[in-house]
Amino acid sequence: MRKIFLFFLFTVLSCATTNSMNFHSLSSYNYDFNSDLSSRIKPVPDELLKNLMYADNRNDYLNYTLNPEENNLVLEYINVLPKSYQEILRKKLIAVYFIENFLGNGMVMDVFDKNNEMYYILMFNKESLKKSISGLLTEKENTCYRDTDEENKIVIDCGNKYNGFLYILLHETSHIADFEKNFTPYVYNELVVKTKLTETEFTKGSWIGFNSFKIIYNHTYRSKITFYKMNGGPFMRLADAEELYSIQQASPFTSLYSNINWAEDFAEFAAFYHITQKLKQPYKISILQKKKIVFSYEPMKSEKVIKRFIAIEKIYE
């Protein structure tokens, strides 16, 4: 979730002139509390799109309009979300934007009313609609490594029933659920007033701070884990993958992306729990060398991951 830098940038830019759009103010958006979710899929405002490009050092972001088939797919997958998520979206979702050439697959932007109540905007890369769930996750995982190719890479199998958009929708809406329900003590470290929570049932036993593992789960590769060429990456070599995934297999985390902070850990765990336990799809990570699988494991079958199922089941309450 690319939130922290964008928040500060938007705040600075939106205050630069009195005529600028305040991106984090509910009053800047045409929002109907009683509208159905389908009407909230709309074009991204031009000013917001320009500032997204400035934030990401890009000049090629374009608004993307869904065709009828894609629109139906988005609505179908919203209906696949946990019921508690759907209820939050009906009350708090301002808009869903699809962007061509967007960096990464998706993000949440927070918006506040005059009483400091939080609302949300979802933004997605339109390519997430074009890929299978296994294809999207495989592509994402390989952005961690600097020396992969078609014969030597990481392969993630989440079946072929669902589109890649389902994964990113689950991940980003899990952040929204976390904002609303505090499955983690707080969703990002620098912003908003922190709650008095220092741990929750989900983070207990795994984290001692927002981006600090319990010492038994620290490992030498963690600082090298990056995605989408962010922070100057990738830094990992494929030769290190087997040792890294062996470490992961003995941990309570469901993915490499879970290593970033407890908010990403929750979003990943909730997404893969729903995919595997509710939708009954596989989730297997394999290392391919010269087209042959040399290592594989299924994160949701790891002992320490299973022990956290009780905490994650609270998203269905």
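Residues numbered from 1 in each chain as written. Predicted model: local features only at pLDDT ≥ 70, side-chain atom pairs only at ≥ 80, totals over all residues. Heavy atoms only, no water.

### Describing the overall build of the protein
Helix and strand content of the protein: 10 helices and 9 strands. On C-alpha atoms alone, the protein measures out to a radius of gyration of 19 Å, which is about the 20 Å that the 2.2 N^0.38 rule sets for 317 residues. Each principal axis of the C-alpha atoms in the protein carries an extent, and together these give about 55 × 40 × 35 Å. In the protein, buried positions account for 58% of the 317 residues. Partitioning the contacts of the protein with sequence separation of at least 6, the portion at a separation of at least 24 is 73%. Of the roughly 14,600 Å² that the protein leaves accessible, carbon and sulfur atoms contribute 50%. (Helix = DSSP H or I, 4+ residues; strand = E, 2+ residues; numbered from the N terminus. Rg over C-alpha atoms; globule rule 2.2 N^0.38 Å. Buried < 20%, exposed > 50% of the residue type's maximum accessible area, 1.4 Å probe, protein only. Contact = heavy atoms within 4.5 Å. Areas by Shrake-Rupley, 256 points an atom, 1.4 Å probe, with all protein chains shown as cover.)

### Quick word on the sheet that holds strand S9 (residues 292–297)
Across the sheet, 3 strands lie side by side as S5-S8-S9; this open sheet has antiparallel pairing. Single-partner strands in this sheet number two, and they are strand S5 (153–157) and S9. Neighbour-to-neighbour, the strand axes of this sheet turn through a mean angle of 25°, independent of strand direction. In this structure, strand S8 (residues 284–289) lies alongside S9, joined through 5 bridges in antiparallel fashion. Following the sheet pairing, Ile287 is matched in S9 by Phe295. Sheet contacts for helix H7 (residues 241–249): S5, S8 and S9; angle to S9, the most-contacted strand, approximately 20°. (Pairing = 2+ DSSP bridges. Axes fitted to C-alpha atoms, helices over the stretch in contact; angles between N-to-C directions.)

### Concerning the pairing of strand S3 (residues 106–112)
Summarising burial for S3: 7 of the 7 residues are buried, a large majority. Along S3, one buried face is formed by Gly106, Val108, Asp110 and Phe112 and the opposite face, lined by Met107, Met109 and Val111, is buried too. Across 7 bridges, the pairing between S3 and strand S4 (residues 118–125) is antiparallel. Residue pairing in the sheet places Phe112 in a bridge with Met118 of S4. Here S3 folds back onto S4 in antiparallel fashion, the turn holding 5 residues, of which Asn116 has a positive phi close to 70°.

### Quick notes on the pattern of salt bridges
Across all of its chains, the model carries 16 salt bridges by this definition. The partner of Arg58 in a salt bridge is Asp60, and the shortest N-O contact between them spans 3.1 Å. On the accessibility criterion, Arg58 (30% relative accessible area) is partly exposed. On the basis of relative accessibility, which here comes to 26%, the residue Asp60 falls in the partly exposed class. Note that Lys140 is salt-bridged to Glu268, the shortest N-O span being 3.9 Å. Residue Lys140 is located in helix H5 (residues 133–142), and its partner Glu268 is located in helix H8 (residues 262–278); the two are separated by 128 residues in the primary sequence. Here Lys140 falls in the buried class, since its relative accessible area comes to 6%. (Salt bridge = Lys/Arg side-chain N within 4 Å of Asp/Glu carboxyl O.)

### Structural notes on the nonpolar core
Counting 106 residues, the largest nonpolar core has Tyr29, Phe98, Met123, Tyr145 and Tyr245 as the members making the most contacts within it. Here Met123 is in contact with Leu48, Leu52, Tyr97, Ile99, Phe102, Asn105, Gly106, Met107 and Met109, once residues within four sequence places are set aside. (Core = buried A, V, L, I, M, F, W, Y, C linked by side-chain atoms within 4.5 Å.)

### With respect to empty space enclosed by the protein
What the rule picks out here adds up to 2 cavities of 30 Å³ or more. Surrounding the largest cavity, Leu137, Lys140, Glu141, Ile156, Tyr167, Phe227, Ser255, Tyr257, Glu268, Phe272 and Tyr283 form its lining. Per element, the largest residue contribution to the lining of the largest cavity is 3 residues, and it comes from H5. Classifying every residue of the lining of the largest cavity gives 7 nonpolar, 1 polar and 3 charged. By volume, the second largest cavity is sized at about 40 Å³. Val74, Ile78, Leu89, Leu93, Val96, Leu122, Phe124, Phe165 and Leu169 are the residues that line the second largest cavity. Sorting the residues of the lining of the second largest cavity by element identifies helix H3 (68–78), strand S2 (93–100), S4 and helix H6 (164–181) as the ones contributing at least two each. (1 Å grid on protein atoms, 1.4 Å probe; cavity = no way out; pocket = protein on both sides within 12 Å on 5 of 7 lines; lining within 4 Å. Points joined across faces, edges and corners; volume = space filled by probe spheres on them. Nonpolar A, V, L, I, M, F, W, Y, C, P; charged D, E, K, R; others polar.)

### Let's talk about the side chain of Thr203
Positionally, Thr203 belongs in the loop between H6 and strand S6 (207–209). Thr203 sits in the buried class, given a relative accessible area of 0%. Within the structure, the side chain of Thr203 is placed 2.9 Å from the backbone nitrogen of Thr200, a separation counted as a polar contact. Here Thr203 is in contact with Thr184, Pro185 and Trp262, once residues within four sequence places are set aside. (Polar contact = N/O pair within 3.5 Å; in protein donor to acceptor, adjacent residues only side chain to side chain.)

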